[in-house]
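Listed below are the residues making up each chain.
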Amino acid sequence: MTQAAIDAVILAGDRPAGDPLAMTHKVPFKALVRVGGKPMLAHVAERLAGNSAIGRILVLAQESKAFQADRDTEHLAAEPKIKFTESRPTIAASLQAVLTSEETRFPLLITTADNVLLSDAMIGSFLARADGADIAVAVVEREVLMARYPASKRTWIKFRGGQYSGANLFYFGSAKAQRALQAWAEVEQDRKKGWKILTIFGPWLLFLAVARLISVDQFAARVGKKLGLRVSMVKMPQAEACIDVDKQSDLDLVEKILASS
C-alpha cells in the first residue's frame, strides 16, 4: 500500500533581535541569505514541493510578504502546495498555533529554512524511521559526520555508545505532540548548548545522560514515558543532515558541498 503524502512545515522566522548572518549579508531575514545562488528558503521549499511523499507545505515567517516580494522566492507563493503564514514570536508558539489549527493534518514533518542540504534521501530515511512515533527527532552520530566532513564543527551531546548532533528534521505524529512544546519553549534559545537541552527533563535523567549511563534510544524512551508520548530518535545515515547554516563557516561549507554535488 502506498503511504499517503504528509504535510510539512518550514520554520523561516528569525530571532526577535534579528539574525547576525542576515545582517552580514544585508537581507531582512536569514532565510533570504543566498547559498548556491539562491535563498536558503528556496532550496528547502523546492525540495519539499518536488517530493511525492510531501503534501501541503506551510511556511512560517514573521513577514511573509517579504518572501513573496523577493525575486528569488516570489515563485514559491504561486506553487499550489505552498502556503505562507505569519509566525508567532517564538518557535514553540508558532508550532502551538499549527498543532491546534483545524486545518492541520497529522503526521507533520517539521524542518527549517536553513536546512539547505535537505535531500529526497534524507526525507525518505527520516519518514520511514519516524513512522508510528508521536514525536521523532533526527540526529546524526559523530562518526557519520566526521567520516565525510572532519573539519565540520557541531554541538555534540554524549550518550553511552555515541555522540549525537541534532538535525533540523522533526516529526509530529499526532496532536499529542503538543505536550512537548513547553519543553521546546524552554530550550529553543539554548538548543546549541549541548547538555542544557537535557536539564528540562530532570536532574536524574540529566545525570544518566552526562555520565553516559544510558544510550540515546534509552533517553528517548525515558523522555517519552515522562511526557506520555512515543518518542523516537532517528539516526540519520546522511552526514549532511546535521549541517544547517547558522554562521558564515556553515555557509562556506554548504557552498562547497553544493558546488561538488
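Before reading on, note that the structure itself is shown above.
None of these values were measured; they are calculated from a predicted model. As a convention, each chain's residues are numbered from 1 in the sequence order in which they are written. Owing to the predicted nature of the model, reporting of local features is limited to residues with pLDDT of at least 70; listing and counting of side-chain atom pairs is limited to 80 or more, with chain, interface and lining totals taken over all residues. Only hydrogens and water are set aside; all other atoms, that is, all heavy atoms of the structure, feed into the side-chain values.

### Focus: the overall build of the protein chain
So, point 1. Numbering of helices and strands runs from the N terminus, with a helix taken as a DSSP run of H or I at least four residues long and a strand as a DSSP run of E at least two residues long. When its secondary structure is counted, the protein chain shows ten helices and ten strands.
So, point 2. Counting over 261 residues, the protein chain shows a buried share of 52%.
So, point 3. Throughout, a residue-residue contact means that at least one pair of heavy atoms, one from each residue, lies within 4.5 Å. Pairs at least 24 residues apart make up 75% of the contacts formed inside the protein chain by residues separated by at least 6 positions.
So, point 4. Element-wise, carbon and sulfur atoms account for 54% of the exposed surface of the protein chain, whose accessible area totals about 12,600 Å². Relative accessible area decides the class of each residue, using a 1.4 Å probe on protein chains only: under 20% of the type maximum gives buried, over 50% gives exposed, and in between gives partly exposed. What sets the accessible areas is the Shrake-Rupley method with a 1.4 Å probe; for residues, cover comes only from the shown protein chains.

### So, the pattern of salt bridges
So, point 1. A pair is scored as a salt bridge if a Lys or Arg side-chain nitrogen falls within 4 Å of a carboxyl oxygen belonging to Asp or Glu. Scanning the entire structure with this criterion turns up 17 salt bridges.
So, point 2. For lysine 83, the salt bridge is made with glutamate 103, and the minimal N-O distance between the two is 3.4 Å. Note that lysine 83 is positioned in strand 5 (residues 82-86) and glutamate 103 in the loop between helix 4 (91-99) and strand 6 (108-112), a separation of 20 residues in sequence.
So, point 3. Accessibility expressed as a relative area gives 44% for lysine 83, which makes it partly exposed.
So, point 4. Under the relative-accessibility criterion, glutamate 103 is labelled exposed at 52%.
So, point 5. Two residues, lysine 176 and aspartate 134, come together in a salt bridge whose shortest N-O distance is 3.8 Å. Here aspartate 134 lies in the loop between helix 5 (120-130) and strand 7 (135-141) and lysine 176 lies in the loop between strand 9 (162-172) and helix 7 (181-187), a separation of 42 residues in the sequence.
So, point 6. On the basis of relative accessible area, lysine 176 is assigned to the partly exposed category, the value being 35%.
So, point 7. Among the ionic contacts, a cluster of salt bridges with common partners joins Arg34, Asp70, Arg71 and Asp72.

### Thoughts on the side chain of aspartate 70
So, point 1. Position of aspartate 70 relative to the elements: it lies in the loop between helix 3 (64-69) and strand 5.
So, point 2. A residue is classified by how much of its surface remains accessible, and aspartate 70, at 15% relative accessible area, is buried.
So, point 3. Those residues in contact with aspartate 70, other than ones at most four positions away along the chain, are Leu32, Arg34 and Pro39.

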